Amino acid sequence: MREIIAPLSQMLKSGEISSVELTNKYIKAIENDNPKYNAYVSTTFDKALENAKTADKLIAEGKGSTLTGIPMTLKDNICSDGDLTTCCSKILEGFRPYYDSTVWTKLKAQGAVMLGKTNMDEFAMGSTSETSVYGAPLNPRNTNHVTGGSSGGVAAAVCANIAAYGLGSDTGGSVRQPASFCGIVGLKPTYGAVSRYGLIAYGSSLDQIGVLANSVKDTATVFDAIRGVDEHDQTSVDFDFGNISDTLGQTDVKGLKIGIAKEYFEGINEEIKDAILGAVKEFEKNGAEIVDISLPVLQQALPVYYIIACAEASSNLGRYDGIRYGYRAKDFNDVEEMILKTRTEGFGDEVKRRIMLGTYVLSSGYYDAYYKKACLLRQNLIADFDDIFNTCDVLIAPTAPNTAFELGFEGASPVDMYLSDIATVPINITGVPAISVPVKNDKAGLPIGMQIIGKKFDEKKILDVAYFYEKLNKSEVEDFEGGVTL
Ligand code: GLN
């Protein structure tokens, strides 16, 4: 996988190119390529050029960091002051927040350049990005296929290098799965590692902001820049990670205990199984110890996830009433009718389905049978994952049971779609970190992603292990050619 950030930073610091020039190249590339991929849903080019001027000043004063002057993108559910942020939903049509998310505040302070907001499933609910009100983004690897979701636009933009990197959100896999489908790297940090202030909420006990990039080093660099405790997010945690990006590769693979849970490989496509186990062999050849484990609780992860995520979504999405944000229905006789019509017209089918499911599992009479039970089972999952990390350093698993679907798979039943999240949701339920890296292509030439999972706040270890794999150069997924060339 190619590193993009450090080499660009080098060019900026040596004066070979200015940030304004680099930003103009990205703007040109977006103008050329975005019609092919539908990755961006709104652009902020004027602001990007302002950011670039600030960056050039910082660099001239010798104050820049590695991210200074580098153009990037935010998923359409991460707020930046005055810029359209719509969650790709009609109900947030025209919505411009009046404050910056903490992640963007941090990046902006370092002189990052934001090119625009990228496509996603409506309110981050989905696995293909096809529920976007702007239409689906297309996978640069094969435009007849989806990008995955819900951070599909970020994945397409980063894969096609019309953004050097991007931030997405991951509630049940939405950073890792699109990264896997587009053949790039995606990191879902530990719950609490990155502030969610300014991330539009979906399932608050599951949501995390994550990084999509073209290499493990790029991913680590961005993670180092965005993490940390934040007074605006009470779930954020003060944890001393040290500087991960500058010390990558310190974890010794010799003697590393890699857990392989058989349940993770049951019922998945053989090609994917072989690809992941093939990659695990590479670690074994280099001295890692494979520990076969059983995690029967994995079977409960999907129902637990869909009950908790929908319950929390039904509550979080209660605020879209036509009064405070975005879209408002035109004809109504009283406030109640206005709210009803606004919500009926403003939300898409999948979002409505989840609000109804969530309301149902929280309703009196069903609360104990569904929501409470799911919360109890969640504790079992957490306990079993804790146990595993007493005997293993990392777990390795597929990122998804399939590669990128053909466009239109959404026509299949919603349950089929939910089933495809089986490998990613346990990570959000338990709050641990995981990274997806590309390992191989399937017969159709579509990338397969491997998930490396660690215990809470062990980002350093999973990034190290991912970096080790990347350096072995055994991944068959080629860098995508296109976008900005220098
Ligand atoms: N596909 C999962 C869902 O639809 C995950 C989405 C996400 O992580 N935002 O809930």
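Refer to the structure presented above.
Since the structure is predicted, the reported quantities are computational estimates derived from the model, not experimental observations.

### Overview of the packing of aromatic side chains
Aromatic ring pairs are reported here in terms of the distance separating the ring centres and the angle at which the planes meet.
Link 1 in the chain: Summed over the entire model, instances satisfying the criterion amount to 22 aromatic pairs.
Link 2 in the chain: Pairing Tyr320 with Tyr325 gives two aromatic rings, centres 5.6 Å apart and planes at 50 degrees, and the pair type is tilted.
Link 3 in the chain: Under the relative-accessibility criterion, Tyr325 is labelled partly exposed at 26%.
Link 4 in the chain: A ring pair is formed by Phe385 and Phe389, whose centres lie 6.4 Å apart and whose planes are at 55 degrees; its orientation type is tilted. Placement of the pair is Phe385 and Phe389 together in helix H12 (residues 368-391), with a separation of 4 residues, close to one helical turn. Side by side, Phe385 and Phe389 carry an identical accessibility label, which is buried.
Link 5 in the chain: These aromatic residues form a ring-pair network of at least three members: Phe95, Phe123, Tyr320, Tyr325 and Phe347.

### Digging into the site of the ligand
Link 1 in the chain: Taken together, the neighbourhood of the ligand is formed by 15 residues, with Ala124, Gly172, Ser174, Tyr202 and Tyr305 sitting nearest.
Link 2 in the chain: In this structure, an oxygen atom belonging to the ligand sits 2.6 Å away from a main-chain N or O atom of Gly172.
Link 3 in the chain: A total of 290 Å² of accessible area belongs to the ligand in isolation, and the protein chains cover 100% of it.
Link 4 in the chain: Partitioning the shell around the ligand into residue classes produces 5 nonpolar, 7 polar and 3 charged.

### A closer look at the pattern of salt bridges
Link 1 in the chain: A full pass over the atoms with the stated rule returns 19 salt bridges.
Link 2 in the chain: With its nearest N and O atoms 3.1 Å apart, the salt bridge here joins Asp321 to Arg324.
Link 3 in the chain: Across the pair Asp464 and Lys460 runs a salt bridge whose closest N-O atoms are separated by 3.1 Å. One end of the pair, Asp464, and the other, Lys460, are both in helix H15 (residues 459-472), 4 residues apart, so they sit about a helical turn from each other.
Link 4 in the chain: You can call Asp464 buried: its relative accessible area is 2%.
Link 5 in the chain: By sharing partners, the salt bridges in this structure join Glu350, Arg353 and Arg354 into a single network.

Criteria and cut-off values
- Residues numbered from 1 in each chain as written.
- Predicted model: local features only at pLDDT ≥ 70, side-chain atom pairs only at ≥ 80, totals over all residues.
- Heavy atoms only, no water.
- Phe/Tyr/Trp six-rings, centres within 6.5 Å; stacked < 30°, edge-to-face > 60°.
- Buried < 20%, exposed > 50% of the residue type's maximum accessible area, 1.4 Å probe, protein only.
- Helix = DSSP H or I, 4+ residues; strand = E, 2+ residues; numbered from the N terminus.
- Near = heavy atom within 4 Å.
- Polar contact = N/O pair within 3.5 Å; in protein donor to acceptor, adjacent residues only side chain to side chain.
- Areas by Shrake-Rupley, 256 points an atom, 1.4 Å probe, with all protein chains shown as cover.
- Nonpolar A, V, L, I, M, F, W, Y, C, P; charged D, E, K, R; others polar.
- Salt bridge = Lys/Arg side-chain N within 4 Å of Asp/Glu carboxyl O.

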